[in-house]
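Structural characterization, general
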Amino acid sequence: MSESIRISACTAADAARWDEFLQTDPLGSFYHRFAWKGINEKNFGHEAFFLAAWRGEHIVGVLPLVLVGSRLFGRILCSMPFVNYGGPCGNDAEATGLLLDEMAALAMRLRADYTEIRTLEPLTREFPTALHKVSMTIALQPNPDTLWNAFTSKHRTNIRRIYKEGLHVSSGHIELLDTFYKVLAESWRQHGTPIYRKRYFADILTAFPQETRIFIAWQDKTPIAVAFNGNYRDTVEGMWAGTDARYRHLQASYVLYWEMIKDACERGYKHYHLGRSSVESGSESFKKKWNAGSKQLYWNYHLPAGRPMPQLNVDNPRYRFAIEVWRRLPTGVTTVIGPPLARGIP
């Protein structure tokens, strides 16, 4: 008879076994790594509950959760906030079911307004689900020329044209953080999006020194577009990117993305996940130009009885006025007042 399963909230003492388990599970991702617990707690002051299912001394399933609380948006138990996705890992159906049971009990104890579980695959249990997001992924090749030759001739011409504007791309780590943050903060202000503190990005770079890279597109000595990537197993995760609107006419993203794709191929990665996009958005259209395949993402909700699915997204008309006001503020202001707001928007 197999041992019964127990569920517990993990501490730092369990970090190594948590991450070892992720290496064996097909759904284990960069966003499930145990270090995110401390990153969220330190930078946002949120409680993090990293639930594990155990058979004896062995982990057979995990579910990372963070309680995101704010006066504006309420108390949201999320897996995982501020990044592309999360959700349960493990191929033991009983373990997954017990993790979801504990999640529901935890949400009740914490008096969460709702729970949001962002997953790459449908959950084994039926939840109200939003289908407004897709994941865009490129199947990489050892030789980047194979990908280049598969692009449309128009796409290749666009990339060549932009190189002729004097653009080049550099990559590195924390030494590029100041430049990255300056461009990203300006880009997010232009989109009406509150920015995180610079320390948040610094702590991610520190926690994952071998698994993170910053890329910057320059025109001569001027940084005009940036990206922040994470690497895990055979996959590159595109996490954050932005372009200074003053240079948007240069279309630097074409050169930036091609250099990042080449780098991923040459480093031996097999997949480049370009991040999530809203369905039928400009972002999705741009990513399709790189022959990225589209895969449905599932925003699953555990809701108190009678509560409708939340509409916490930029397409909600309730937030349009606030977004327009934000765009008019100076970047020096948004980098100060933005982080306290951003901590409450998962």
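Residues numbered from 1 in each chain as written. Predicted model: local features only at pLDDT ≥ 70, side-chain atom pairs only at ≥ 80, totals over all residues. Heavy atoms only, no water.

**What to know about the sheet that holds strand S3 (residues 58–70)**
How we decide: Pairing between two strands is assigned when DSSP locates at least 2 bridges connecting them. In this text, helices come from DSSP runs of H or I with a minimum length of four residues, and strands from runs of E with a minimum of two, each type numbered from the N-terminal end. Contacts were defined at the residue level, with two residues in contact if any of their heavy atoms lie within 4.5 Å. Angles here are taken between N-to-C directions and fall from 0 to 180 degrees, while the axes themselves are lines fitted to C-alpha atoms, restricted in helices to the stretch in contact.
Pairing in this open sheet of 7 strands is mixed, and the strands run S1-S2-S3-S4-S5-S14-S6 from one edge to the other. Each having just a single partner strand, strand S1 (5–9) and strand S6 (129–130) make up the two edges of the open sheet. Examined bridge by bridge, strand S4 (residues 74–79) and strand S5 (residues 114–119) share 4 bridges and lie parallel to one another. Across the sheet, Leu77 pairs through a bridge with Thr115, a residue of S5. Running at roughly 110 degrees to S3, helix H1 (residues 15–24) makes contact with strand S2 (47–55) and S3 of the sheet.

**Considering the packing of helix H5 (residues 153–163) against helix H8 (residues 252–266)**
A pair of packed helices can be characterised by two numbers: the angle between their axes and the separation between those axes. This is how it is decided: What sets the label is the angle itself: under 35 degrees gives roughly parallel, over 145 gives roughly antiparallel, 65 to 115 gives roughly perpendicular, and the rest give oblique.
Relative to each other, H5 and H8 sit at 105 degrees, their axes nearing to 8 Å. In terms of orientation, H5 and H8 fall into the roughly perpendicular class. Between H5 and H8, the residues in contact are His155, Asn158, Ile159, Ile162 and Tyr163 and Ala252, Tyr254, Val255, Trp258, Glu259 and Lys262, respectively.

**Focus on the nonpolar core**
In summary, soluble globular proteins display a tendency toward joint burial of nonpolar side chains. For clarity, the cut-off: We call a set of buried Ala, Val, Leu, Ile, Met, Phe, Trp, Tyr and Cys residues a nonpolar core when their side-chain atoms join them within 4.5 Å. Using a 1.4 Å probe on the protein chains alone, a residue whose accessible area is under 20% of its type maximum counts as buried, one over 50% counts as exposed, and one in between counts as partly exposed.
Membership of the largest hydrophobic core comes to 49 residues, with the highest contact counts inside it found for Trp36, Tyr200, Phe201 and Trp240. It is helix H6 (residues 177–191) that provides the largest number of residues to this core, a total of 7 residues. Ignoring sequence-local partners within four residues, the contact set of Trp36 consists of Phe30, Tyr31, Phe50, Met80, Val83, Tyr200, Ile204, Phe208 and Met239. The next biggest cluster of nonpolar side chains, apart from the first, holds 33 residues, and it includes Ile224, Val255, Leu256 and Met260.

**Focus: the packing of H6 against helix H10 (residues 320–327)**
Basically, it comes down to this: Classification convention: Asp, Glu, Lys, Arg as charged; Ala, Val, Leu, Ile, Met, Phe, Trp, Tyr, Cys, Pro as nonpolar; all other residues, Gly among them, as polar.
At their nearest, the axes of H6 and H10 sit 6 Å apart, and the two run at 135 degrees to each other. The orientation of H6 relative to H10 falls into the category oblique. Residues Arg189, Gln190 and His191 of H6 touch H10, and the partners they reach there are Ile323, Trp326 and Arg327. Partitioning the contact of H6 with H10 into residue classes produces 2 nonpolar, 2 polar and 2 charged.

**A closer look at unusual backbone geometry**
In this structure, Met80 follows Ser79 across a cis peptide bond, with omega equal to -5 degrees. With respect to the helices, strands and loops of the structure, Met80 is situated in the loop between S4 and helix H3 (93–109). Phi at Arg111 takes a positive value of approximately 55 degrees, unusual for a residue other than glycine. Residue Asn291 is not a glycine yet carries a positive backbone phi of 60 degrees.

**Structural notes on the sheet that holds strand S7 (residues 133–139)**
Pairing is mixed in the open sheet, where 7 strands are placed in the order S8-S9-S10-S11-S12-S7-S13. The sheet is open, and its two borders are formed by strand S8 (167–172) and strand S13 (293–296), each paired with just one other strand. Mean inter-strand twist for the sheet, computed between neighbouring axes without regard to direction, equals 30 degrees. In the packing of H6 onto the sheet, the strands contacted are strand S9 (212–219), strand S10 (222–232) and strand S11 (235–243), and the crossing angle to S11 comes to about 65 degrees.

**Describing the packing of aromatic side chains**
Put simply, the rule is: The criterion for an aromatic pair is that two Phe, Tyr or Trp rings (for Trp, the six-membered ring) have centres within 6.5 Å, with stacked assigned to planes under 30 degrees apart, edge-to-face to planes over 60 apart and tilted to the rest.
Summed over the entire model, instances satisfying the criterion amount to 34 aromatic pairs. Each residue in the set Phe44, Phe82, Phe180, Tyr181, Trp188, Tyr196, Tyr200, Phe201, Phe228 and Trp240 is aromatic and connected to the rest through ring pairs, giving one cluster.

**Considering H8**
Spelled out, the test is: Expected span of a helix, by definition, is 1.5 Å for each gap between consecutive residues, and there is one gap fewer than residues.
Taking 1.5 Å as the rise per residue, H8 with 15 residues should run 21 Å; its terminal C-alpha atoms sit 21 Å apart, in good agreement. Listing the buried residues of H8 in full gives Ala252, Ser253, Tyr254, Val255, Leu256, Tyr257, Trp258, Met260, Ile261, Asp263, Ala264 and Cys265. Once H8 ends, the next one or two residues include Gly268, with phi positive near 90 degrees.

**Considering a nonpolar patch on the surface**
The test is simple: Surface patches are defined over residues having more than 30% relative accessible area and no salt bridge, joining like charges when they lie within 9 Å and nonpolar side chains (Val, Leu, Ile, Met, Phe, Trp, Tyr) when within 5 Å. For the accessible areas, the method is Shrake-Rupley and the probe is 1.4 Å, while residue cover comes only from the protein chains on display. Put simply, a salt bridge is a Lys or Arg side-chain nitrogen that is within 4 Å of an Asp or Glu carboxyl oxygen.
Taken together, Val333, Val336 and Ile337 make up a surface patch of nonpolar side chains, about 230 Å² in accessible area. Among the structural elements, Val336 can be located in helix H11 (residues 331–342).

**Focus: the side chain of Arg33**
Its location among the elements puts Arg33 in the loop between H1 and helix H2 (35–44). Setting aside its immediate chain neighbours within four residues, Arg33 contacts Trp18, Asp19, Leu22, Phe50, Phe208, Glu211 and Tyr232.

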